[in-house]
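What follows is each chain in one-letter form.
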Amino acid sequence: MKIVADKPKMLTETPLHYCPGCTHGIVHRLVAEALEELGKVDGAIGVVPVGCSVFGYKYFRCDVFEAAHGRAPAVASAIRRVVNPDNLIFTYQGDGDLASIGMAETVHACTRGENITIIFINNGIYGMTGGQMAPTTMPGEKATTCIYGRDPKVNGNPIHMCEMLATLTGPAYIERVSCYDVPHVNKAKAAIKKAFQVQMEKKGLSFIEVVANCPTNYHQTPLESMQFVKEKGCSFYPLGVFKDITKEDK
Ligand SMILES: Cc1ncc(C[n+]2csc(CCOP(=O)(O)OP(=O)(O)O)c2C)c(N)n1
Ligand code: SF4
């Protein structure tokens, strides 16, 4: 029988623990496919967070470090300095991890322009711990710690990470993507691949934000949550390239 689609070699046989319809599973596959297509089956090193993707080390078939909550960019920076320059280093982090407790590590790794890639899954909520408000929860969006919906006057404004990081000199490539339908999954893969290429060309830090879903804590079906991401998520967090020094070079 002709095989038309197969599991990427960069993913182990361990079944993913994510809830049905969660974007984490899709992005794991995209990262694995991109690494494989770029010939990085050997030599990739991941750093995973605390959050729903805490078990990333079980899924990626490469060396994967587990960082304390929010510290992945600092751990990845340290790894960058001690390994072969040809090793490809990526972090994989949620919004609570990256934009709350890990904000300092994120901003400083970005401003230093470390030659690493950060994959940022923005589902607007703390998934693993039961749906608390995240730095990226949108105005009016409900969470267990803002049951009537986020009120910026009470809870503060959400943070647009790509826009903020694009003001720094350090990052080389910043793009926001989503995975709410097949064309956007394909675009997300192209962005992840480009981010890895930028690192392989030693141009500096690349940052990919994925506007993602959390059907479980949104109390929605997978389809409803993808519709929510499309209509609400991607209008509050517009998709696109926010910085690309490879274009500025030309
Ligand atoms: C130092 C520390 N503070 C708090 C926690 C509790 N904690 C675990 S996961 C998490 C947030 C996870 O949310 P996010 O990063 O958005 O990832 P998701 O689960 O949505 O993928 C928190 C606050 C912890 N494990 N360690
Ligand atoms: S709780 Fe949310 S983010 Fe976590 S695996 Fe389930 S759907 Fe995904």
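Nothing here was measured: the structure is a model prediction, and the numbers come from that model.

Conventions used here
Residues numbered from 1 in each chain as written. Chains lettered and ligands numbered in written order. Predicted model: local features only at pLDDT ≥ 70, side-chain atom pairs only at ≥ 80, totals over all residues. Helix = DSSP H or I, 4+ residues; strand = E, 2+ residues; numbered from the N terminus. Buried ≥ 20, exposed ≤ 12 C-beta atoms within 10 Å, placed from the backbone. Contact = placed C-beta atoms within 7 Å. Near = placed C-beta within 6 Å. Nonpolar A, V, L, I, M, F, W, Y, C, P; charged D, E, K, R; others polar. Axes fitted to C-alpha atoms, helices over the stretch in contact; angles between N-to-C directions. Parallel < 35°, antiparallel > 145°, perpendicular 65-115°, else oblique. Pairing = 2+ DSSP bridges. Expected span 1.5 Å × (residues − 1).

Visitor: Would you mind showing me how to read the overall build of the protein chain here?
Guide: Secondary structure assignment for the protein chain yields eleven helices and nine strands. Looking at the protein chain as a whole, 47% of its 250 residues are labelled buried.

Visitor: Help me out: how do you make sense of the environment of Gln132 in this one?
Guide: Examined against the element boundaries, Gln132 turns out to sit in strand S6 (residues 132-133). Sequence separation between Gln132 and Cys179 is 47 residues, and the spatial gap between their C-alpha atoms is 23 Å. Setting aside anything within four residues of it in sequence, one finds Gln132 in contact with Tyr126, Ala143, Thr144 and Thr145.

Visitor: Teacher, can you tell me more about the site of ligand 1 here?
Guide: The local shell around ligand 1 holds 19 residues, among which Gly51, Gly94, Gly96, Asp97 and Gly127 are the closest. Elements supplying a minimum of two residues to the shell around ligand 1: helix H4 (95-101) and strand S5 (125-126). Of all the elements, H4 adds the most residues to the shell around ligand 1, at four residues. Residues of the shell around ligand 1, tallied by class, amount to nine nonpolar, eight polar and two charged.

Visitor: Looking at this structure, how should I read the packing of helix H3 (residues 72-82) against helix H5 (residues 103-112)?
Guide: The relative placement of two packed helices comes down to the angle between their axes together with the axis-to-axis distance. The geometry of H3 relative to H5 is characterised by a closest axis approach of 7 Å and an angle of 40° between their N-to-C directions. Comparing their axes, H5 and H3 come out oblique. Of the residues in H5, those in contact with Pro73, Ala74 and Ser77 of H3 are Glu105, Thr106 and Ala109. Split into classes, the residues belonging to the contact of H3 with H5 amount to three nonpolar, two polar and one charged.

Visitor: Is there a simple way to think about the sheet that holds strand S7 (residues 173-178) in this case?
Guide: Backbone hydrogen bonds hold the strands of a sheet together, and the pairing may be parallel or antiparallel. Taken in spatial order, the seven strands line up as S2-S1-S3-S4-S8-S7-S9 in an open sheet, and their pairing is mixed. Pairing within the sheet leaves two strands with one partner each, and these edge strands are strand S2 (63-66) and strand S9 (240-244). Direction aside, neighbouring strands of the sheet carry axes that sit 15° apart on average. The sheet contact formed by S7 and strand S8 (residues 206-211) spans six bridges and is parallel. Across the sheet, residue Ser178 finds its bridge partner in S8, namely Val211.

Visitor: Whenever I open this one, helix H8 (residues 182-200) confuses me. Can you help?
Guide: For an α-helix, 3.6 residues make a turn, and residues three or four places apart therefore share a direction. Between its terminal C-alpha atoms H8 stretches 27 Å, which fits the 27 Å expected from 19 residues at 1.5 Å a residue. Every buried residue of H8 is listed here: His184, Ala188, Lys189, Ala191, Ile192, Ala195, Phe196, Val198 and Gln199. Once H8 ends, the next one or two residues include Lys202, with phi positive near 60°.

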